[in-house]
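Fold and contact review
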Amino acid sequence: MKVLLLCTGLAVATALAAQQLHTLQERVSELESLPRVTPDETTQLAQRLDQLRRSLQDARADFESDDRADLVAARLASVTEALAKESSRLSDQDQRLRRWETRWGSAEPERLQGRLDELSLDELRALATRTSAEGSAELNALKARVEPLLAKGEPDRLWHELVGPVVQLSGDLTVGSGVLLESQRRASGEGWVTHLLTSWHVVRDIYGTIERVDTPVPVRMYEPSGRYHDQTAHMVAYDVGLDIALLEMDLDSAVPHGARLATREELELVRTFESVYAVGCPLGNDPIPTSGEIASTAHDVDGLNYWMISAPTYIGNSGGGIFRASDHSLIGIFSKIYTHGSARTTIVPHMGLATPMPVIYEWLDRSGHTARLGLESGVRTASAPK
């Protein structure tokens, strides 16, 4: 019996020992599978932790002993004060604006309307005209200063706007000039119509007799290269006393160079010393430009008003254009050269006389040709493409 118990105890002890051994083997295997840290790595880690601890302590000490918190607080107070001042200023501006709105809404419209009621239609028209004239005068003065600067180095543009519109009219024993106007669309919308202005005596001398006014007039048109094209034109209207004639080119296409007419408002501002160009065909030459000034805007000849110019002109300039230098607009048609003496006539080339465009506009209005030229207050309503 004792032997049996001893054997049983030994068996149980052996089983327990075997189980413990197995458990130890599993723990050893688990430990072996874990990442290994060398003693040096452990030391380094401890040193880093110690450094971080000291840095944290130093930072806390610096913050507790530094005055940066006070500096931030002071700056915040300064910004707050500036915002308060700006808010006060905006409030004052808002109050002033409200006072102006109240004043305008309660009084100014009535005062303005009362002033308008006091003005007659004629006074209002005069006020508008004066204001427009003053503004135009300032604008023209600016143009007069700027245009010459822009024109320097631009002979092509000068040719197209000043020389190109001028043509030569010639007969068997006479020669003169004319000015092409900008082409405009026909009323049908198909094709173009081009008119030209010239002096009546130029056409009269070509005809030789007034009975031939239905005869085509020879017209020579020029190109920048010097080449020319011979065309014809027919009479539309003329005035012997004003020495002016309106012709229509026998063309269906637009001309590349047409003079821009000065408006009636612009013409009202023309004064003595206004710089001008006279462009014509003196002595049968190709169009030649000369420069000068308006010498007088009130030169009376037989009850008719002419503008005298100082730009040199000669026989053949008649019918040519007088262009304003500031914007190259047509302001007159050259009519005659100033002469002196009767027994032995002397030509004074720097005292030419031109029929001014205001006189021509009045004639066009009276003769009913304003609409024909597409004019409205001196402004062309349609023009050919440049």
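Here the structure is a predicted model, which means the values were calculated and not measured. Within every chain, residues take consecutive numbers counted from 1 along the sequence as written. Per-residue local features of the predicted model are confined to residues with pLDDT of at least 70, and side-chain atom pairs are confined, for both listing and counting, to 80 or more; whole-chain, interface and lining totals are unaffected and use all residues. Excluding hydrogens and water, the side-chain values take into account all heavy atoms of the structure.

1. Observations concerning the overall build of the protein chain
Applicable threshold: Under the scheme used here, helices are H or I runs from DSSP no shorter than 4 residues and strands are E runs no shorter than 2 residues, and both carry numbers assigned from the N terminus. Contacts: residue pairs with any heavy atoms within 4.5 Å of one another. Values of accessible area rely on a 1.4 Å probe in the Shrake-Rupley scheme; residue burial ignores everything except the protein chains shown.
Across its full length, the protein chain holds nine helices and 16 strands. Sequence-distant contacts, at least 24 apart, represent 61% of the contacts inside the protein chain between residues at least 6 apart. If you sum the accessible surface of the protein chain, you get close to 24,200 Å²; carbon and sulfur atoms cover 56% of it.

2. Some details on the confidence of the model for the protein chain
Definition in use: Summary of the metric used: pLDDT quantifies the predictor's per-residue confidence within the range 0 to 100.
The predicted model of the protein chain averages 77 in pLDDT, with 58% of residues at 70 or higher. When the criterion is pLDDT under 50, residues 149-153 qualifies, and its contacts beyond four places in sequence or with other chains add up to three contacts. Scored below 50 in pLDDT, residues 377-386 makes 32 contacts in the model with residues more than four places away or belonging to other chains.

3. Some thoughts on the side chain of Arg-324
Definition in use: Throughout, exposure labels follow a simple rule: accessible area from a 1.4 Å probe, protein chains only, divided by the maximum for the residue type, with under 20% read as buried, over 50% as exposed, and the rest as partly exposed. Pairs of N or O atoms are called polar contacts if they sit within 3.5 Å, as long as, within protein, a hydrogen donor faces a hydrogen acceptor (for residues adjacent in sequence, only side-chain-to-side-chain pairs).
Position of Arg-324 among the secondary structure elements: in strand E12 (residues 321-324). Judged by relative accessible area, Arg-324 falls into the buried class, the value being 1%. There is a polar contact of 2.7 Å between the side chain of Arg-324 and the side chain of Asp-327.

4. Here's the deal with unusual backbone geometry
The residue Leu-283 is not glycine, and still its phi comes out positive at about 55°. Mapped onto the elements of the fold, Leu-283 is located in the loop between strand E9 (275-280) and strand E10 (288-301). Given the relative accessible area of 58%, Leu-283 is considered exposed. Backbone geometry places His-328, a non-glycine residue, at a positive phi of 65°. Relative to the assigned elements, His-328 resides in the loop between E12 and strand E13 (330-340). Take His-328: its relative accessible area is 4%, and that puts it in the buried class.

5. Considering the pairing of strand E2 (residues 175-180)
The test is simple: Strands are treated as partners if at least two bridges between them are detected by DSSP.
Burial within E2 is extensive, with five of its six residues counted as buried. Looking at chain direction, strand E1 (residues 166-170) and E2 are connected through five bridges and run antiparallel. Residue pairing across strands places Ser-170 opposite Val-175, the latter belonging to E2.

6. Considering the packing of aromatic side chains
For clarity, the cut-off: A pair of Phe, Tyr and Trp rings is counted when the ring centres sit within 6.5 Å of each other, with Trp represented by its six-membered ring. The angle between the planes then sorts it: under 30 degrees is stacked, over 60 is edge-to-face, the rest tilted. Only when the NZ of Lys or the CZ of Arg is both within 6 Å of the ring centre and within 35 degrees of the ring normal is a charge said to sit over the ring.
In the structure shown here, the tally under the stated rule is two aromatic pairs. Measuring from centroid to centroid gives 4.2 Å for Trp-200 and Tyr-238, while their planes differ by 15°, and the two rings are stacked. Taken together, the residues Trp-200 in helix H7 (residues 200-207) and Tyr-238 in strand E7 (residues 228-239) connect sequence positions 38 residues apart. Classification of Trp-200 by relative accessible area gives buried; the value is 3%. The ring of Tyr-228 has Arg-220 lying over it, and the distance from NZ or CZ to the ring centre is 3.8 Å. The aromatic ring of Tyr-361 is capped on one face by Arg-264, whose charged end is 4.8 Å from the ring centroid.

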